[in-house]
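# Understanding the architecture of this molecule
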Amino acid sequence: MAEKDGTPPTRSRSAPPQPPPSPPQLWRRRSLLGASLGAGAALALSGCGGRATTAAAGETSTLKWGWDLPTSWDPVTSSAGWDVHGLSLVYAGLTKLDQEGKAVPALASSWSYSHGGTVVRFRLRPGLRFSDGARLDAEAVVKSLKRGRDHPKSLVAAQLVGVKTIAAPDPRTVELRLSEPDYQVPALLAGKTGMIVNPAALKKDPGALATQPAGAGPYTLTSYVQNSRAILRSNPRYWDARHIKVDNFELYPLPEGSTVVASLTSGQYNVAQIPGSQVKAARAAGLQVQVIPSMVVAVLDVHTGKKPFDDPDVALALKYAVDREQLLKTALFGHGEVTRQPFPDGYAGHDKALDRLFPYDPAKARKLLAKAGHAKGLEITLTTQQAEGVPELLQAQLKRVGIDVKIETIPAAQATQIVYVQRAKALYVDQFAGRESATQGFQVLFGKEGLMNPGRQVSPKLEKALDAVRRTPLEAPHYPKVLREASGIAVREMPNVFLYTIPRILARNAQVSEIPAHPVVQRFEGVTVS
């Protein structure tokens with residue numbers, strides 16, 4: 001009966017009254033990092049030139065972030081997982097993830113599931129507004145979510161395929177009826193899938209969203225030059241505006257690794273992502289450096305529909321042929337961890353036992369290749385956006401087992417289209433940015449329509465395991481075990497070659513306070529610029 005009327009809430013999550021940002025608790029490594037770095041945030045560094053801002057009375061503060069610009073400001077058609085960081089500046093979702101990676105209230109102050117897990121109701125905060133002042137009520141949420149599910153060019157539609165109906169029983173209640181039990185929905189809606197777009201923009205000119213976002217996030221875009229910069233101003237109507245301390249935000253493409261330290265010390269940026277190779281130089285220059293564990297992992301995407309990877313033994317040989325330790329040292333100067341699975345240590349789905357699989361074993365790789373009929377060697381093409389570094393090292397490592405690798409570079413701006421939409425490449429070096437929901441991550445990597453599953457290979461055993469994950473409440477004591485079982489099946493049966501985790505390495509000058517260590521989406525609540 002509960003699923004028919006959807007009323008009796010058996011599991012719910014309610015919002016405390018807008019708590020201030022809290023330090024990390026469960027992600028042990030992140031906690032240690034935060035403790036060691038936080039004390040330095042208030043120190044002034046005379047060597048930091050450039051005046052990015054001022055905190056004097058009556059003046060505004062500005063944070064200049066060297067990071068990346070979204071492929072689109074429309075969360076439905078944005079084509080890179082990485083975009084979620086920039087989009088989170090201008091959009092808000094029903095939920096967000098806290099520093100433990102758990103879904104917590106955002107636009108919705110609470111939510112509840114029916115007994116059977118097929119109906120979930122979100123209760124909106126009162127008085128919500130979009131950045132243009134328009135009312136943000138349940139009807140607006142329904143229109144936005146339906147667009148994400150039904151738009152022909154939607155790249156989040158696969159995440160909402162199990163949502164049968166989306167309704168607004170009253171102005172502050174949004175009800176999702178699901179085709180099957182799925183307790184991942186609150187986490188799923190913490191990312192691009194749940195970002196709420198102003199219906200007025202959809203009615204006026206939805207195509208303009210690519211460059212003119214219309215959300216209810218902490219900032220409003222005031223100026224945008226594609227591939228150059230985005231200028232944003234704080235949004236006083238944001239539901240959590242009192243925790244947004246920086247008035248103006250400037251977002252820039254990722255600085256060149258060789259010049260990023262100089263750019264920070266000169267004041268061109270006052271926060272920037274830096275490569276592992278620049279950590280020592282940044283610290284020597286007096287910059288604060290935070291190494292934030294993230295969900296990002298380096299991976300080789302294998303198209304099992306293309307030769308020679310249509311032979312499972314060739315695909316398996318790759319897993320034994322790569323020396324991940326050496327790759328990590330080359331790519332990140334040791335920052336990060338070697339891995340063989342999609343989830344980092346500390347996440348519920350991470351199984352330490354999986355990292356003992358596929359040890360570096362060139363002899364076994366050669367044996368597998370011989371079994372596949374390639375005892376005398378074979379030639380393959382490795383596609384990448386940049387040939388230097390890891391691709392060249394992979395080329396050398398695979399040469400040792402008899403694989404001659406031709407490195408092919410493609411433009412970054414076209415990579416998603418070529419590799420994942422056209423599915424035109426057999427082997428590609430990439431990074432998986434993680435996702436807010438565990439099953440969402442599985443869908444992207446291993447699903448029948450998974451964007452990063454170029455061969456569209458699926459595993460019935462994995463699908464069954466994921467069904468169990470979806471049917472298990474996130475609060476259930478056995479949830480981590482169910483999720484680890486799915487991870488194990490994916491790692492053993494799917495062709496992806498996971499290499500190493502990629503922490504978010506942020507350097508900042510002394511004007512900026514410590515950056516919150518969020519594992520998926522970088523947020524800036526509580527950050528100040530002095």
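Because the structure is a prediction, the values reported are computed rather than measured. (Residues numbered from 1 in each chain as written. Predicted model: local features only at pLDDT ≥ 70, side-chain atom pairs only at ≥ 80, totals over all residues. Heavy atoms only, no water.)

## Looking at the overall build of the chain
What counts here: Here a helix means four or more residues in a row that DSSP labels H or I, a strand means two or more in a row labelled E, and each is numbered from the N terminus. Any residue under 20% of the maximum accessible area for its type is buried, any over 50% is exposed, and the rest in between are partly exposed; the area is computed with a 1.4 Å probe on protein chains only. The contact criterion used is simple: two residues touch if any of their non-hydrogen atoms lie within 4.5 Å. The Shrake-Rupley method, run with a 1.4 Å probe, gives the accessible areas here. Residue values count only the displayed protein chains as cover.
Regarding its fold elements, the chain presents 16 helices and 19 strands. Out of the 530 residues in the chain, the part that is buried amounts to 57%. If you take every contact in the chain between residues at least 6 apart in sequence, the share linking residues at least 24 apart comes to 70%. For the chain, the accessible surface area stands at approximately 21,900 Å², while carbon and sulfur atoms represent 51% of it.

## What about the packing of helix α9 (residues 312-321) against helix α11 (residues 362-371)?
Heads up, the condition is: Every axis in this analysis is a line fitted to C-alpha atoms, fitted for helices over the stretch in contact. Angles between the N-to-C directions lie between 0 and 180 degrees. When an angle is under 35 degrees it counts as roughly parallel; over 145 it counts as roughly antiparallel; between 65 and 115 it counts as roughly perpendicular; any other value is oblique. Only Asp, Glu, Lys and Arg are considered charged in this grouping, and only Ala, Val, Leu, Ile, Met, Phe, Trp, Tyr, Cys and Pro are considered nonpolar; every other residue, Gly among them, is considered polar.
Between α9 and α11, whose axes approach to 8 Å, the crossing angle comes to 170°. The angle between α9 and α11 falls in the class roughly antiparallel. Contact residues: α9 offers Asp313, Val314, Leu316, Ala317, Tyr320 and Ala321, while α11 offers Pro362, Lys364, Ala365, Leu368, Leu369 and Lys371. When the residues that make up the contact of α9 with α11 are grouped by side-chain class, the tally is 9 nonpolar, no polar and 3 charged.

## Points about the pairing of strand β10 (residues 229-234)
Under the convention used in this document: A pair of strands is treated as paired once DSSP finds two or more bridges between them.
Two elements, strand β9 (residues 219-225) and β10, share 6 bridges in a ladder whose sense is antiparallel. Paired with Leu221 across the strands is Leu232, a residue of β10. Here 4 bridges tie β10 to strand β11 (residues 248-252), and the two strands are oriented antiparallel to one another. The residue bridging Ala230 from the neighbouring strand is Leu251, located in β11.

## A closer look at helix α13 (residues 412-421)
As a reminder, the rule being used: It is the directions from the helix axis to the C-beta atoms that the arc portrays.
Buried within α13 we find Ala415, Ile418, Val419 and Tyr420. For α13, the angular spread of buried residues about the axis comes to 155°, placing them on one side. Of the surrounding elements, those touching the buried residues of α13 are β14 (297-302) and β17 (427-432). In the stretch just after α13, Arg423 is the one whose phi turns positive, near 55°.

## Structural notes on empty space enclosed by the protein
We apply this condition: Detection works on a 1 Å grid of protein atoms alone, calling trapped sets that fit a 1.4 Å probe cavities and calling open sets with protein on both sides within 12 Å along at least five of seven lines pockets, with lining residues defined by an atom within 4 Å of a point. Grid points are joined across faces, edges and corners, and a volume is the space filled by probe spheres set on the points.
Throughout the structure, instances matching the rule amount to 10 cavities of 30 Å³ or more. Considered as a void within the structure, the largest cavity measures approximately 100 Å³ in volume. Contributing to the lining of the largest cavity are 13 residues, with Tyr91, Ala92, Gly93, Thr95 and Arg523 lying nearest its centre. Along the lines of polarity and charge, the residues of the lining of the largest cavity split into 7 nonpolar, 4 polar and 2 charged. As for the second largest cavity, its lining consists of His85, Ser88, Leu89, Pro218, Tyr219, Ile244, Gln522, Arg523, Phe524 and Glu525. The residue inventory of the lining of the second largest cavity, partitioned by class, reads 5 nonpolar, 3 polar and 2 charged.

## Re the pairing of strand β8 (residues 173-178)
In terms of burial, β8 is a largely internal element, 5 of the 6 residues being buried. In terms of strand pairing, strand β6 (residues 119-124) meets β8 through 5 bridges, oriented antiparallel. Each residue of the ladder has a partner; that of Val119, found in β8, is Arg177. Between strand β7 (residues 163-170) and β8, which pair antiparallel and follow one another directly, the connecting turn spans 2 residues.

## Brief notes about the environment of Leu145
Among the secondary structure elements, Leu145 is positioned in helix α4 (residues 138-150). Spatially, the C-alpha atom of Leu145 lies 9.9 Å from that of Val156, the residues being 11 residues apart in sequence. The contact partners of Leu145, leaving out residues within four places of it in the chain, are Leu94, Leu160, Ile166, Leu176, Leu189, Thr193, Gly194 and Ile196.

## Notes on the nonpolar core
As a reminder of what qualifies: The term nonpolar core refers to a set of buried residues drawn from Ala, Val, Leu, Ile, Met, Phe, Trp, Tyr and Cys, joined through side-chain atoms within 4.5 Å.
In terms of nonpolar packing, the biggest core is built from 103 residues, with Leu63 and Leu176 touching the most fellow members. Setting aside chain neighbours within four positions, we find Leu63 in contact with Val246, Asn248, Phe249, Glu250, Asn270, Val271, Val512, Phe524, Val527 and Val529.

## A closer look at the pattern of salt bridges
To be explicit about the condition: A pairing counts as a salt bridge when a side-chain nitrogen of Lys or Arg comes within 4 Å of a carboxyl oxygen of Asp or Glu.
If you walk through the whole model with that rule in mind, you get 15 salt bridges. A salt bridge links Glu485 to Lys481, with the shortest nitrogen-to-oxygen separation between them at 2.8 Å. Of the two residues, Glu485 and Lys481 are both situated in helix α16 (residues 479-493); the distance of 4 residues between them amounts to about one turn of the helix. For Glu525, the salt bridge identified is with Arg523, shortest N-O distance 3.1 Å.

## A closer look at unusual backbone geometry
Note that the residue after Lys307, namely Pro308, is joined by a cis bond; omega there is 0°. Mapping Pro308 onto the fold places it in the loop between β14 and α9. At Arg423, a residue that is not glycine, the phi angle is positive and equals roughly 55°. With respect to the helices and strands, Arg423 occurs in the loop between α13 and β17.

## What to know about the packing of aromatic side chains
Here is the rule we go by: Classification of ring pairs uses Phe, Tyr and Trp, with its six-membered ring standing for Trp, and accepts pairs whose centres are within 6.5 Å; under 30 degrees between planes counts as stacked, over 60 as edge-to-face, and the remaining range as tilted.
Following the criterion strictly, the structure yields 17 aromatic pairs and no others. With centroids separated by 4.6 Å and ring planes inclined at 45°, the aromatic side chains of Tyr113 and Tyr183 adopt a geometry described as tilted. One end of the pair, Tyr113, is in strand β5 (residues 108-113); the other, Tyr183, is in the loop between β8 and α5 (185-188), with 70 residues separating them in the sequence. The exposure classification of Tyr113 matches that of Tyr183, with both residues buried.

## Description of helix α15 (residues 460-470)
Listed in full, the buried residues belonging to α15 are Leu462, Ala465, Leu466 and Val469. Down the axis of α15, the buried set is contained in an arc of 100°. They therefore lie on one face. Away from its buried face, by an angle of more than 90 degrees, α15 presents the exposed residues Pro460 and Lys464. Looking at the buried side of α15, the elements it contacts are α14 (438-446) and α16.

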